[in-house]
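Reading the structure
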Amino acid sequence: QLQSKILILTICAAGIGGTFQYGYNISIINAPTSYIQMFMNETWLERTGVPLESNVVLLLWSFTVSAYPLGGLTGAVVAGPMAIMLGRKMSLLLNNVFVIIAAVLSGFSRMAKSFEMIMLSRFFTGVNAGVSMNIQPMYLAESAPKKLRGAVALTSASFTSLGLVLGQVVGLRELLGGEENWPFLLASNVVPALIQLMFLPWSPESPRYLLIDRGDKESCISALQKLRGNSDLSAELEEMLAEQHAVKGQRAKNPWELFQNPSVRWQLTSIVVLSSAMQLCGNDSMYFYAAYVFQEAGIPRDKIPYVVIGTGSCELITSVTCNMIIDYAGRRPLLLGGYIFMAGWAIVFMVALSQQTQISWMPYLSMACIFAYILSFGIGPAGVTGVLPTEVFDQMSRPAAYMICGSLLWFNLFLVGTAFPFIVKSLAHFCYVPFLVVCVCTALFVGLFLPETKGKSFLEISEEFKKRNFKAQTHAVFYKGPEEIKTTVL
């Protein structure tokens, strides 16, 4: 069937140049770390005749690494206006310009004898990832049919983990991870960008954007026909027209307007809590520990990169599984289960780390914990968090909600990246206590306050939150989660 092929093409074309790049660019920087640090030292020596001190090299390296989340934060902020003015599809296509600039900078950095070019290249790569992390789930959720909306929007998480794994594979010594090839490794992110530029133009623009933002009913119907084929569009069109009528006369909101608006209080609280928790739950820090734990478990040092690929593959397998079950299981159970399991594994992991030297089989337990933690993250929090802003906000608030979400995501990535080494230093084996607290609090929040959005239209979800936002004002009582949820009738 042609229409399902067009939906699949849209998902793949948006994903490969979208969130795939986020995962890919996070993992390709790990392999050439020592080579780039040597290159910085040699370049400085050539320029000044004096070698750099080791702590200065470390400082320059941390600037290079933190340029990525800084770019991501910039990308998240410009993504909102881009999505409103240019449309979802056009923004994704234009976004590839940043990666092409980045690839040119890093590809020629060694020839130009300039490590500053690498820093700049990481910044532009970050901008690209920041834009795509916000616009891709929005574009896909707006293009998908209601019953597949969760699964389609969730492919963003699958592409992120696919990027992570492929980045780890390409970074192996046998491929582009050797000393001679690091400029090519850093510039290899131009390939997904070119694939997207070839295939995404064939996909239609988001039908919701065309109708509600542009008021162009004909284009909306033609985009829907491309995506749905000959199936009956009247119900879907009616629902979109109702949403268009509900936001009539409004303009696209700015992020600060959402904070001032009491009618979106619970939606905003939900995405702020969940977006922050996604980075503050310690999943990325597990990768930091992976090499050390595997070494303790007796895996030879030169084999560790191959085992680390296993951790990335874990996330990929679970996000694909989550894709298949999200529209059956619902959003709440996946989030709740994910955070509860992560809290459990964090406790076991800390016990295992503290007994690492005393008990011979403890390194294997901590190894199992790393895999289990990443699996628990992949099954719920990794994907569902990105889908929620599309579902709980209306068309006019959605870009602003994604700007808030994206900014929090990147700011917290930067925060954890900077603070984690100090947390490890001060708390040693108990370094996962802060992450444990985050997981428990988030699980409590989801259990008490987050309604289920599975299988509901955007308007029905808005109505449910409206009851909640104004219930607090009319009765002046604090909202008690489960009672409300039990009485919600679809």
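Everything numeric in this text was worked out from a predicted model, so none of it was measured.

Quick notes on the rules
Residues numbered from 1 in each chain as written. Predicted model: local features only at pLDDT ≥ 70, side-chain atom pairs only at ≥ 80, totals over all residues. Heavy atoms only, no water. Domains from an automatic or database assignment. Contact = heavy atoms within 4.5 Å. Buried area = accessible area lost by both parts, 1.4 Å probe. Salt bridge = Lys/Arg side-chain N within 4 Å of Asp/Glu carboxyl O. Polar contact = N/O pair within 3.5 Å; in protein donor to acceptor, adjacent residues only side chain to side chain. Helix = DSSP H or I, 4+ residues; strand = E, 2+ residues; numbered from the N terminus. Expected span 1.5 Å × (residues − 1). Buried < 20%, exposed > 50% of the residue type's maximum accessible area, 1.4 Å probe, protein only. Arc of directions from axis to C-beta. pLDDT = per-residue confidence, 0-100. Core = buried A, V, L, I, M, F, W, Y, C linked by side-chain atoms within 4.5 Å. Patch = residues over 30% accessible without salt bridge, like charges linked within 9 Å, V, L, I, M, F, W, Y side chains within 5 Å. Areas by Shrake-Rupley, 256 points an atom, 1.4 Å probe, with all protein chains shown as cover. Phe/Tyr/Trp six-rings, centres within 6.5 Å; stacked < 30°, edge-to-face > 60°.

1. What to know about the domain arrangement of the protein
Annotation of the protein at the domain level lists domain 1 (1-203) and domain 2 (261-480). The distance between the C-alpha centroids of domain 1 and domain 2 comes to 22 Å. With 41 residues of domain 1 at the contact, the number on the domain 2 side is 44 residues. For the domain 1 and domain 2 pair, buried surface summed over both sides reaches about 3,300 Å², with 67% attributable to carbon and sulfur atoms. At the boundary of domain 1 and domain 2, one finds two salt bridges. Taken together, the links from domain 1 to domain 2 amount to eleven residue pairs in polar contact (both at pLDDT 80 or more). For the side of domain 1 that touches domain 2, the elements supplying multiple residues, two or more each, are α4 (54-85), α6 (116-143) and α7 (149-170). Ranked by residues supplied to the side of domain 1 that touches domain 2, first place goes to α7 with 14 residues.

2. Looking at helix α12 (residues 234-246)
The α-helix advances 3.6 residues per turn, and as a result positions three or four apart in sequence lie on the same side. For α12, with 13 residues, the first-to-last C-alpha span of 18 Å sits near the 18 Å given by 1.5 Å per residue. Among the residues making up α12, those that are buried are E236, L237, M240 and E243. For α12, the arc enclosing every buried residue in end-on projection is 120°, short of the 170-degree limit, so these residues lie on one face. Residues A235, E238 and H245 are exposed on α12 and point more than 90 degrees away from its buried face.

3. Structural notes on the confidence of the model for the protein
On average, residues of the protein score 87 in pLDDT, and 95% of them are at 70 or above. Counting contacts from residues 476-490, a segment whose pLDDT is below 50, to residues more than four positions away or on other chains yields 22 contacts.

4. What about the nonpolar core?
If you look at soluble globular proteins, the nonpolar side chains tend to sit buried side by side. Membership of the largest hydrophobic core comes to 74 residues, with the highest contact counts inside it found for Y339, W410 and Y432. A total of ten residues in this core trace back to one element, the largest contributor, which is helix α20 (residues 398-427). Core analysis: the second largest hydrophobic core is formed by 41 residues, M119, V152, V170 and L186 among them.

5. Some remarks on a nonpolar patch on the surface
A contiguous nonpolar patch, built from M85, L86, M90, L94, V97 and I101 and spanning about 510 Å² of accessible area, is present on the exposed surface. Counting residues per element, the nonpolar patch draws most heavily on helix α5 (residues 88-107), which supplies four residues. Among the structural elements, M85 can be located in helix α4. Judged by its relative accessible area of 59%, M85 falls in the exposed class.

6. Quick notes on the packing of aromatic side chains
In total, this model carries eleven aromatic pairs according to the counting rule given. Plain terms: the ring middles of F20 and Y24 are 5.7 Å apart, the flat faces sit at 15° to each other, and that makes the pair stacked. Taken together, the residues F20 and Y24, both in helix α2 (residues 19-28) and four residues apart, mark about one turn of the helix. Taken together, a centroid distance of 5.4 Å and an interplanar angle of 80° make the contact between F349 and Y432 edge-to-face. Linking F349 in helix α17 (residues 331-354) with Y432 in the loop between α20 and α21 (433-449), this pair joins segments that are 83 residues apart in sequence.

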